[in-house]
Protein chains: 2
Amino acid sequence: MDEFTLIKDLLRPLLTDEGASVARGLADDAAVLPEQAGRNWVVSKDMLVEGVHFPKGSDWGPVAASRLIRTNLSDLAAMGARPEGCFLGLGVHFDAEGTRWTREFVRRLGSELVTFGLGLWGGDTVRSPDARFVSLTILGTVSTGNAIGRSGAEVDDDVYVTGSIGDAAYGLQLLAGQREVESREVKTFLVDRYQMPTPRLGLLAALTPHVRAAVDVSDGLLADLGHIATASHVSLNVEWSRIPQSAAARHISGQNQVPISVLTHGDDYEIAFTAPPSAADEILRVSERFSLKISRIGRVVRKLSPDHEPVNLIDETGQIVTPPVAGFRHGGIK
Amino acid sequence: MDEFTLIKDLLRPLLTDEGASVARGLADDAAVLPEQAGRNWVVSKDMLVEGVHFPKGSDWGPVAASRLIRTNLSDLAAMGARPEGCFLGLGVHFDAEGTRWTREFVRRLGSELVTFGLGLWGGDTVRSPDARFVSLTILGTVSTGNAIGRSGAEVDDDVYVTGSIGDAAYGLQLLAGQREVESREVKTFLVDRYQMPTPRLGLLAALTPHVRAAVDVSDGLLADLGHIATASHVSLNVEWSRIPQSAAARHISGQNQVPISVLTHGDDYEIAFTAPPSAADEILRVSERFSLKISRIGRVVRKLSPDHEPVNLIDETGQIVTPPVAGFRHGGIK
């Protein structure tokens, strides 16, 4: 297999009619996007490298495909955007083992594109002499002017987070053999949360115009809230006991509170956001409509000043838990 | 240096005011593109891998940056699109030598962005354990419906190509030590043509609506004309003696005609296109206005049928030169 065969035999069959029109059958020099009156295009790019973000070896193609798509979609979700299409970059091997890996990667990619209604609009395939790498530029749209950023949080906003925090950290530890658990159900749930994160698409659009600032939890809950605080020039408090933990994660941690090491891990791909107290009822309604737990975990307490950290973790006695935790450096299984 | 420092110290300073607005200071989860009434977005993605598309070693960062930007821009040029912005993917090393390489890469990238009026709108940076790789998703716009593809060529169209063909092939051979030349001037010209190709931006927009089909010459002139012929379901003849050769290339080849080996090399990043004979005067005027040589090299002679090759190279006696040449497989210095 070479790059021409890869495009013809594996990638072209993934084109839908609409996608084929935008991508011009993957035959032209570039793709042409339809005009979207009243909507902005929103663009995000992410790359994963073998041996850095996923393990070397033949079985990881499907997981790489799912994580590449889903973590990118999580970025769109955090902006309030709707997914439209993507451009795929593949740096792969063309020997027999490499071809098997690529086949498995592309098969999963195809089913994920269908799952999320995402068009494959173009890309590039090259030979990588050593570690494989995969790259995705994803495009979505949002109604004009309604993209949600990190800089809109205001004093007295409530701070919310979707789903549960820490599952992916345990899933990764279980995969790496750093931890064991007897229950197959618990293990499957946690590993899935790492390998197949669920981008919270549609949520922020449903909450427009209530949400003031949002971020997806990829670097770690505290670090990502730090991005909101810094960009918004505010300081916020997070009540440790309110950070949501799944039953499976509690089974592992044996604690009622999410351990600090897990708060700093990242890979959760939940959405953290701020909204004024007046939005609480609407947030509850949307939470029920999406069947998605949304937890109020803190509050924006003041403008940012040199006397206060951007994010303070508060324990049940009201004390600030030190040290406030630095940002997670993106990684994965080595 | 790690990815955060790289973004903060090297990439963020490249943002222009307009770019910073689209890219949201490289601080949000995604970029938000401005609405472009009456224009389509055109998107292309390309990747270069160390040891495959450029040599390993510390001196090649600037060349990798120039080629990444310019070859991508050539794709936009072939669609008739105007460059607007780009998303950069870097898979690099973070040790001292790696940091030097990245610094040199980013410095050249910055000057190329200025040269072409291209915004840096986002991207991703990761650690690559082995070979470095760089990826670019480039976005341009074209007035709605005026993107030029490969499928519009019609019987009796003339076939044109810009500039000269083969310079990059010789430049690469000189760089690789496979060939030598005494004249420093000749060497510099040919090496520059490989390392700093000139995307023919603006040309096709100036020629709208005359151009029926276009492609950029990256795989090799005959292979790329084959893409037009196949997509348009036509067969075209190319007169070998009319294929333009620079004085420097003629100095190397010692022949009046571009050698076949050079026609199949690619890396020229000229534009090949078809237009009806009635457009000849306008093409001449635009050629003068752009100070860009545009050569008529052949004609679309019939609808494609099993009896005829998509592209026939014709010698001065009118004979078809066989074998017609297969597509170049993308590569570079190994």
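The present account deals with the structure reproduced in this document. (Residues numbered from 1 in each chain as written. Chains lettered and ligands numbered in written order. Predicted model: local features only at pLDDT ≥ 70, side-chain atom pairs only at ≥ 80, totals over all residues. Heavy atoms only, no water.)

**Here's the deal with the packing of helix α5 (residues 167-175) of chain B against helix α6 (residues 184-195) of chain B**
Residue and element names in this part refer to chain B.
Step number 1: Closest axis-to-axis distance for the α5/α6 pair is 7 Å, and the angle between their directions is 105°. Classed by the angle they form, the pair α5 and α6 counts as roughly perpendicular. Each of Asp 167, Ala 168, Tyr 170, Gly 171, Leu 172, Leu 174 and Leu 175 in α5 lies in contact with α6, whose residues at this interface are Lys 187, Phe 189, Leu 190, Val 191, Arg 193, Tyr 194 and Gln 195.
Step number 2: Per-class residue counts for the contact of α5 with α6 are nine nonpolar, two polar and three charged. (Axes fitted to C-alpha atoms, helices over the stretch in contact; angles between N-to-C directions. Helix = DSSP H or I, 4+ residues; strand = E, 2+ residues; numbered from the N terminus. Parallel < 35°, antiparallel > 145°, perpendicular 65-115°, else oblique. Contact = heavy atoms within 4.5 Å. Nonpolar A, V, L, I, M, F, W, Y, C, P; charged D, E, K, R; others polar.)

**Some remarks on the relation of the copies chain A and chain B**
Step number 1: For the match of chain A to chain B, the screw axis carries a shift of 0.0 Å, the RMSD comes to 0.0 Å, and the turn is 180°. Within this description, the copies of the chain are treated as partners about a two-fold rotation axis. Minimal C-alpha separation from the rotation axis in chain A is found for A:Asp130, amounting to 3.1 Å.
Step number 2: Both copies present the same face, since 100% of the interface residues in chain A are matched by interface residues at the equivalent positions in chain B. (Least-squares fit on C-alpha atoms with pLDDT ≥ 70 in both.)

**Some words on the interface of chain A and chain B**
Step number 1: Opposite the 63 residues of chain A that make contact, chain B presents 63 residues.
Step number 2: In total, chain A and chain B occlude about 4,700 Å² of area from one another, counting both sides; carbon and sulfur atoms represent 56% of this.
Step number 3: Sorting the residues of chain A by area buried against chain B places A:Asp29, A:Lys45 and A:Met47 first, and these three jointly supply 16% of that buried surface.
Step number 4: Connecting chain A to chain B are zero salt bridges.
Step number 5: Inspection of the region where chain A meets chain B yields 17 residue pairs in polar contact (both at pLDDT 80 or more). (Buried area = accessible area lost by both parts, 1.4 Å probe. Salt bridge = Lys/Arg side-chain N within 4 Å of Asp/Glu carboxyl O. Polar contact = N/O pair within 3.5 Å; in protein donor to acceptor, adjacent residues only side chain to side chain.)

**Regarding the sheet that holds strand β11 (residues 311-314) of chain A**
Residues and elements named next belong to chain A.
Step number 1: If you trace the six strands from one edge of the open sheet to the other, you get β7-β9-β6-β10-β8-β11, paired in mixed fashion. Strands with a single pairing partner mark the edges of an open sheet, and in this sheet they are β7 (213-216) and β11. Neighbour-to-neighbour, the strand axes of this sheet turn through a mean angle of 25°, independent of strand direction.
Step number 2: Here strand β8 (residues 234-239) runs beside β11; their pairing, made up of four bridges, is parallel. Each bridged residue has a counterpart across the sheet, and for Val 238 the counterpart in β11 is Leu 313. (Pairing = 2+ DSSP bridges.)

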